[in-house]
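# Report on the structure
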Amino acid sequence: FWSKAWHGMFRRVFVAPSLYLFPKSSPDSTGKTLTWLLVPFWVSGLLHLLSVWTVASNHGWGTVRFFALQPIGMVVEIPLLRAARTAVYLWAVAFLVATCRAFFEEY
């Protein structure tokens, strides 16, 4: 659901700043890779922060922390993809469980 429907609708919004800084046609570099990995999560965190800020007393910083940590989980996932698919699923579930508390405390 998330990757196909919800995130599919907002993908362009989240990727637009990265595309502006490093167009797809630009040569590959560490800066481009990091930008394309980090910026969409920061944009998503900012949008969630603004929505929580309007209704919550704690101002949504846990939500920002949650989204800022997700790229770390993705980087750790890369070698796991080479090892075994089961390891990737176990890692993803464990990482989300470990980081989601800050997100859910906001709501």
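Residues numbered from 1 in each chain as written. Predicted model: local features only at pLDDT ≥ 70, side-chain atom pairs only at ≥ 80, totals over all residues. Heavy atoms only, no water.

- The name given to the protein chain in an unreviewed UniProt entry is Wax synthase domain-containing protein, with Ascodesmis nigricans as the source organism.
- Entered under Sequence similarities (unreviewed entry) in the UniProt record, the comment concerning the protein chain runs "Belongs to the wax synthase family."
- UniProt, in its Subcellular location (unreviewed entry) section for the protein chain, records the words "Membrane". (UniProt positions renumbered as here; feature names shortened; annotations may be inferred.)

### What about the overall build of the protein chain?
- The helix and strand inventory of the protein chain stands at four helices and zero strands.
- Secondary structure elements of the protein chain, listed N to C terminal, follow the sequence α-α-α-α.
- In the protein chain, which comprises 107 residues, the proportion classed as buried is 27%.
- Contacts in the protein chain between residues far apart in sequence, at least 24 positions, make up 49% of those at least 6 positions apart.
- Accessible surface computed for the protein chain: about 7,700 Å², of which carbon and sulfur atoms make up 71%. (Helix = DSSP H or I, 4+ residues; strand = E, 2+ residues; numbered from the N terminus. Buried < 20%, exposed > 50% of the residue type's maximum accessible area, 1.4 Å probe, protein only. Contact = heavy atoms within 4.5 Å. Areas by Shrake-Rupley, 256 points an atom, 1.4 Å probe, with all protein chains shown as cover.)

### What about the packing of helix H2 (residues 30–53) against helix H3 (residues 61–83)?
- Between H2 and H3, the least distance of the axes is 8 Å, while the angle of their chain directions is 160 degrees. The angle between the axes of H2 and H3 places the two elements in the roughly antiparallel class. For the crossing formed where H2 meets H3, the hand is right-handed. Across the interface between the two elements, Leu37, Leu38, Phe41, Ser44, Gly45, His48, Leu49, Val52 and Trp53 of H2 pack against Trp61, Thr63, Val64, Phe67, Gln70, Pro71, Met74 and Val75 of H3.
- Classifying every residue of the contact of H2 with H3 by side-chain character gives twelve nonpolar, five polar and no charged. (Axes fitted to C-alpha atoms, helices over the stretch in contact; angles between N-to-C directions. Parallel < 35°, antiparallel > 145°, perpendicular 65-115°, else oblique. Left-handed = near helix turned anticlockwise from the far one by under 90°. Nonpolar A, V, L, I, M, F, W, Y, C, P; charged D, E, K, R; others polar.)

### Quick word on H3
- Taking 1.5 Å per residue, 23 residues should reach 33 Å; H3 reaches 35 Å between its end C-alpha atoms and fits that length.
- Bending of H3 peaks at approximately 35 degrees at the position of Glu77, with proline Pro79 no more than four residues after it.
- On its buried side, H3 packs onto H2 and helix H4 (85–106). (Expected span 1.5 Å × (residues − 1). Bend = angle between axes of the 7 residues up to and from the residue.)

### Section: the UniProt feature "transmembrane region" (unreviewed entry) in the protein chain
- Under the feature "transmembrane region" (unreviewed entry), the UniProt entry names residues 34–56 and 88–104.
- Spanning residues 34–56, this segment combines 87% helix with 0% strand, and its end C-alpha atoms are found 31 Å apart.
- Each end of residues 88–104 is marked by a C-alpha atom, and these two atoms are 23 Å apart; helix forms 100% of the span and strand 0%.

### Quick notes on the pattern of salt bridges
- One pass over the full model with this rule turns up one salt bridge.
- In this structure, Lys32 and Asp28 form a salt bridge, with 3.5 Å as the shortest nitrogen-oxygen distance.
- A relative accessible area of 9% means that Lys32 is categorised as buried.
- Owing to a relative accessible area of 70%, Asp28 belongs among the exposed residues under this scheme. (Salt bridge = Lys/Arg side-chain N within 4 Å of Asp/Glu carboxyl O.)

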